[in-house]
Amino acid sequence: MKDQNFLKENNARHMWHPMGHPGDAQKDAPKIISRAEGVHIFDIDGHSTVDAVGGLWNVNLGYSNDVVKQAIADQLFQLPYYSAFAGTSNPTAIELSYVLKEFFAEDGMVRSFITSGGSDSVETTLRLARQYHRLRGEPTRTKFLSLKKGYHGTHFGGASVNGNNRFRTAYEPLLPGCFHLPAPYAYRNPFDETDPARLADLIASAMVDEIEFQGASTIAAFIMEPILGAGGVIIPHESFMSKMREICDRYGILLIADEVITGFGRTGDWSGSRHWGVQPDMMSTAKGITSGYFPVGAVMIGEKVTDVFEQDQTGEGAIYHGYTYSAHPVGAAAAIANIGEMQRLELTGNAAVRGAQLYQGVLALAEKYDIIGDVRGGHGLMMGIELVSDRTTKAPMDLATMKRIHQATYDAGSMVRLGGNNILMSPPLIITDVEIDVILSALDAGLSAA
């Protein structure tokens, strides 16, 4: 590794960073994270913090799992790469497909399409949804419904169904035929409805109205996160997803669960859909599938969809879609080892217990700081804290203050993430009670800086 002076001098000079303005990065250089251990990250100056972001919602096993690292090393020596396009496969990808089928059996998933990450997985579900309806003789079903505040990656399809304009406006026009419903966001919604159950009913009615306005025969799929992550950790009422399932079934629309964040234990169960007792038709997954040790994603596909493709006799069921690194053998080895380790350590249980501890701790901070407008958590290790300049008007906290809180929290020992006027947290699922207390203490210091 180059010396510190070189790294600091060249930081953000030659590389544009995702999700930020390149000019801002040059004026205010990003933190250089040089190593990590357990749930701690260390910057180039040696400052240690508990990583309450978990990389980017994904480092479920923490940074020091030797089993996953060894699996990657072994596979590199055995077979570092070969294409999985039709005609060739590799042993590790075959094993992963079996592991995933068993892992998501409770969700009704029977097949997988292995990708390079979450945006790839979402794009794949949208394509397969359109193709599914063509195979069934309904080629007019091309439109998609999704939720405002939902996040579905950054490809053109994913950005088109995204429900946050930050990821859309600079790139429009996007994919036509994408329509957005109000989010199950009890703190802010167009109905001024604070009862989550009543809000779920109102959104269900809005969905039916939109379907009938568009024409059910034009809609391919509805995509939603079981818990809306990047939009602020918006947790729907327990009835919400099942209402969406029933409406989709009534109108012949596929239900896609975007489990990129919520899959693999983050919510305190192995999938977010299980929390709500719903089996989707397809699931997009990534992130926790390898705990960030290698870029991998997977689309999981239910029997209703697979039967249509596999029983096709016309040749139109051929999937002319894929990625150079689909079913990458090294990525497959990382995923197999990672899933096995998460199951062995029973991380869903720890996510539930430590998530409850974090949630209660933040609720206590809300009693202390009136800049906390809303606290959203309690379902595993996903936490959203919405900051306001006035609790009565719910005016969002300004960016300068948010940045000051972020820096003060980091200085006090924890890395958190900003999402607009929200503080977002998703620490590794191996985190201990002591480390949760460090996060809460650092948040206390950060909030006091405001």
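It should be noted that the structure appears before, not after, this text.
Reading the values: rules and limits
- Residues numbered from 1 in each chain as written.
- Predicted model: local features only at pLDDT ≥ 70, side-chain atom pairs only at ≥ 80, totals over all residues.
- Heavy atoms only, no water.
- Salt bridge = Lys/Arg side-chain N within 4 Å of Asp/Glu carboxyl O.
- Helix = DSSP H or I, 4+ residues; strand = E, 2+ residues; numbered from the N terminus.
- Buried < 20%, exposed > 50% of the residue type's maximum accessible area, 1.4 Å probe, protein only.
- Contact = heavy atoms within 4.5 Å.
- Polar contact = N/O pair within 3.5 Å; in protein donor to acceptor, adjacent residues only side chain to side chain.
- Pairing = 2+ DSSP bridges.
- Axes fitted to C-alpha atoms, helices over the stretch in contact; angles between N-to-C directions.
- Core = buried A, V, L, I, M, F, W, Y, C linked by side-chain atoms within 4.5 Å.

Enquirer: How do you make sense of the pattern of salt bridges when you look at a structure like this?
Expert: Think of it this way: side chains of opposite charge can pair up when their charged atoms draw near. Counted by the stated rule, this structure contains 20 salt bridges. In this structure, Arg274 engages Asp107 in a salt bridge whose closest nitrogen and oxygen atoms are separated by 2.9 Å. Separated by 167 residues along the polypeptide, Arg274 in helix α10 (residues 272-275) and Asp107 in the loop between α5 (91-103) and β4 (109-115) bring together distant segments of the chain. An identical accessibility class is assigned to Arg274 and Asp107; each is buried. Here Asp281 and Lys304 are joined by a salt bridge, their closest N and O atoms 3.2 Å apart. With Asp281 in the loop between α10 and β9 (282-285) and Lys304 in helix α11 (residues 303-310), this pair connects stretches of sequence that are 23 residues apart.

Enquirer: What's the story with the environment of Glu193 in this structure? I'm lost.
Expert: Following the sequence through the fold, Glu193 ends up in the loop between β6 (178-181) and α8 (196-214). When the C-alpha atoms of Glu193 and Leu181 are compared, they prove to be 15 Å apart, with 12 residues separating the residues in sequence. Beyond its immediate sequence surroundings of up to four residues, Glu193 is in contact with Ala186, Arg198, Leu199 and Leu202. Among the polar contacts listed, one links the side chain of Glu193 to the backbone nitrogen of Asp195, at a separation of 2.9 Å.

Enquirer: It is not clear to me how the sheet that holds β9 should be interpreted in this structure. Could you clarify?
Expert: Hydrogen bonds between backbone groups are what pair the strands of a sheet, and the pairing can be parallel or antiparallel. The mixed open sheet is built from 7 strands, whose spatial order is β4-β10-β9-β8-β7-β5-β6. The open sheet has two free edges, formed respectively by β4 and β6, since each of these has just one partner strand. When the angles between neighbouring strand axes are averaged without regard to direction, this sheet yields 20 degrees. Pairing of β9 with strand β10 (residues 297-302) involves 4 bridges; the strand directions are antiparallel. Across the sheet, residue Ser284 finds its bridge partner in β10, namely Val299. The sheet contacts of helix α6 (residues 118-135) involve β4, β5 (143-147), β7 (219-224), β8 (254-258), β9 and β10, and relative to β9 the element is tilted by about 160 degrees.

Enquirer: Looking at this structure, I do not really get the nonpolar core. What am I missing?
Expert: Soluble globular proteins: nonpolar side chains tend toward being buried together. With 96 residues, the main nonpolar core has Phe222 and Met425 as its most contacted residues. When residues no more than four places from it in sequence are discounted, the contact partners of Met425 are Ala52, Trp57, Leu358, Val362, Leu381, Met382, Met383, Ile385, Val416, Ile439 and Leu443. If you look at the next biggest cluster of nonpolar residues, it comprises 20 residues, including Ala221, Val299, Val305 and Val308.

Enquirer: Would you mind going over the sheet that holds strand β1 (residues 33-37) with me for this structure?
Expert: The strand order across the open sheet built from 4 strands is β1-β2-β3-β14, with neighbouring strands paired in mixed fashion. What marks the edges here is a single partner per strand, and that holds for β1 and β14 (414-415). Pairing of strand β3 (residues 48-51) with β14 involves 2 bridges; the strand directions are parallel. The residue of β14 that forms the bridge with Val50 is Ser414. Along the sheet face, helix α15 (residues 433-448) touches β2 (40-43), β3 and β14 and points at about 105 degrees away from the line of β3.

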